[in-house]
Amino acid sequence: MEEQGTEEFDIEASDLHTNKPVSHPLASQDTSAKAISSSQRTHFLRRLLIGCCLILAIAIPLVTNTALGSFLRNPRNFGAVSAHTQTEPVWVAHIVPWGKLAIDKQAYHSVTDGSDLFLALGVHNLRYEAQPFAPLHCVFHIPLSKTDTCPHFTGDANTEYPAAVSSQILDLGATPTALPANQQAELIAAAQYLLDKAKVNISVPPGEYIAAPGGRDQIAPKETTVTLTYHLRTQFTTSTGRGAPGSPDGSCTQFCVVPAPSQQAQFWELSVPIWLRWQYISANGMPVVVDSPPTQDAQVDFLISWANGWDVQLKDQADTALSMAMCSLQQARISPLAESLPANISTLSINLVPAEQSTGSCLTVLTLQNGTSQAPYWVSLFFRNGILLAVDETAHALFPSLPMADPYEQSLAAQLIKGTPIGS
């Protein structure tokens, strides 16, 4: 049988209407005409690089030197103000945490005493409400102007608002003196109530010293109960914070606002001087009352809030706050003694060691040095029942005007000395 040969042939498909060849969609296509040559690709990348450089050349000065740049760096300072609006800072003074502040009908939340706000130049309307203070509705300019109806701050900015520009502070007026008289009285009563609860009865054994009127110390002839109470000095003034004007020792002398840098954001913090009273029955059955001198007040800080009435609490636990108040009274008596030491004796440190509030006492350890080449040494003084006592013979030799502590008082002081980092 004769073998048949095979022949190769091509098949071409044509469109029946146009009689032109057609190809299958999946057939490979020649893309050489569309391919980008190496030189074209290089030219494209060069143009892309030049475009990026131009964008950076425009963007860097914009971000660095314009209002938009300031907004991008610190958007908090601009709030809703347009990026093209010039702004300046204004600080708000004497504001309480529960107050409601609105400027140009925009509410400002979480604004604390001494906060800064960045506002557009021009005229602004302010509304501030904080019961029980009188509401404040007024007009001010940026920068502040003499024509403003909003009060300007006139106190010591270095003490109260050291971060602020003194000429750009608005005073919203939430100070103790701005309270209505009845609210001042209620605030005093709420604070005094806390102190009344801290009253302690101290058992004094026979032979221990007890304060007597006129500074005449006496020895208890028998077991005596001394009642220690704490009292506010209730004057209200416009002075604010420690270091208030008119204070001879730099401390607050009335019901005062703690400076803004030390304030706790959720409370209105007031620093209040207190004085102490010791009461007992004498050996002949007569009541005896001894008050701490008015020149030796101690400071206690209160945290204040308002919710249709005053809520008052001590900043520290009562035991800590009032024990430190006792030590403050002791320090007021020790400082003149330390200054009276001979010139060759240097006072290197004064350590106050508060005891439990129930004991009504405080220990002071003085680190002294004779000359510059001698080793330091320590003497102890003990304040109890309104009397400053010398604990050891060295202290009594240095301060002979002080009574010598008896063995019981020395034992109380020794307990505190054991837990004290002396000379630190």
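Each chain has its residues counted from 1, following the order in which its sequence is written. At least 70 in pLDDT is required for a residue's local features to be given in this predicted model, at least 80 for side-chain atom pairs to be given and counted, and no such filter applies to totals for whole chains, interfaces and linings, which use all residues. Each side-chain value is worked out from all heavy atoms of the structure, with water and hydrogens disregarded.

Chemist: Quick one: what's the story with the overall build of the protein, residue by residue and with numbers?
Modeler: Counting secondary structure elements, the protein contains 7 helices and 21 strands. Under the scheme applied here, a residue whose accessible area is under 20% of the maximum for its type counts as buried, over 50% as exposed, and between as partly exposed, the area being computed with a 1.4 Å probe on protein chains only. Going through the 424 residues of the protein one by one, you find that 41% of them count as buried. For this analysis, residues touch if any pair of their heavy atoms sits within 4.5 Å. Here the contacts in the protein between residues at least 6 apart in sequence split such that 55% fall between residues at least 24 apart. Only the protein chains shown count as covering a residue, and every accessible area follows the Shrake-Rupley method with a 1.4 Å probe. On the protein, roughly 24,000 Å² of surface is accessible, and the fraction owed to carbon and sulfur atoms is 55%. A run of H or I in DSSP becomes a helix once it reaches four residues, and a run of E becomes a strand once it reaches two; helices and strands are each numbered from the N terminus.

Chemist: Let's hear about the sheet that holds strand β7 (residues 169-171): which residues, and what values?
Modeler: Taken in spatial order, the 3 strands line up as β4-β1-β7 in an open sheet, and their pairing is mixed. The sheet terminates laterally at β4 (116-120) and β7, the two strands that pair on one side only. In this sheet, neighbouring strand axes are inclined to one another by 40° on average, regardless of whether the strands run parallel or antiparallel. As defined by bridge partners, strand β1 (residues 87-93) adjoins β7 across 3 bridges and the pair is classed as parallel. Paired with Trp91 across the two strands is Ile169, which belongs to β7. Pairing between strands requires that DSSP locate at least two bridges from one strand to the other. Angles run from 0 to 180 degrees between N-to-C directions of axes, and those axes are lines fitted to C-alpha atoms, restricted for helices to the stretch in contact.

Chemist: How would you summarise the state of the cysteines if you had to cite specific residues and measurements?
Modeler: The definition used for a disulfide is geometric: two cysteine sulfur atoms within 2.5 Å. Under the defined criterion, the tally for this structure stands at 2 disulfides. Through a disulfide, Cys138 is tied to Cys150; the S-S separation comes to 1.9 Å. Between Cys138 and Cys150, the S-S torsion sits near 95°, and that sign places the bridge as right-handed. Here the residue Cys138 occupies a position in strand β6 (residues 136-142), and Cys150 occupies one in the loop between β6 and α3 (157-160), the gap between them amounting to 12 residues. At a sulfur-sulfur separation of 1.9 Å, the disulfide partner of Cys327 is Cys362. Disulfide Cys327 to Cys362: torsion about the S-S bond roughly 100°, handedness right-handed. Here the residue Cys327 occupies a position in helix α5 (residues 318-339), and Cys362 occupies one in strand β19 (residues 361-370), the gap between them amounting to 35 residues. Taking the relative accessible area as the measure of exposure, Cys327 reaches 0% and is therefore buried.

Chemist: With reference to specific residues and values, describe the nonpolar core.
Modeler: One broad trend across soluble globular proteins is that nonpolar side chains are buried collectively. In terms of nonpolar packing, the biggest core is built from 85 residues, with Leu126, Trp268, Ile274 and Phe302 touching the most fellow members. Broken down by element, the residue count for this core peaks at 8 residues, all from α5. Each residue touching Leu126, except ones within four places of it in the same chain, is listed here: Leu101, Ala102, Ile103, Leu136, His137, Cys138, Phe140, Cys150, Leu170 and Leu172. Of all hydrophobic cores here, the second largest spans 9 residues; its members include Ala355, Val391, Ala413 and Leu416. Each nonpolar core is a collection of buried residues, namely Ala, Val, Leu, Ile, Met, Phe, Trp, Tyr and Cys, held together in the definition by side-chain atoms within 4.5 Å.

Chemist: Tell me about the sheet that holds strand β5 (residues 122-129), residues and numbers included.
Modeler: The strand order across the open sheet formed by 4 strands is β3-β2-β5-β6, and the pairing between neighbours is antiparallel. Two strands close off the open sheet at either side, each with one partner strand: β3 (106-108) and β6. Put simply, the sheet's adjacent strands are angled 30° from each other on average, direction ignored. Sheet topology places β5 next to β6; 7 bridges connect them, and they run antiparallel. Each bridged residue has a counterpart across the sheet, and for Tyr128 the counterpart in β6 is Leu136.

Purely geometric stuff here, so don't read any function into it on its own.
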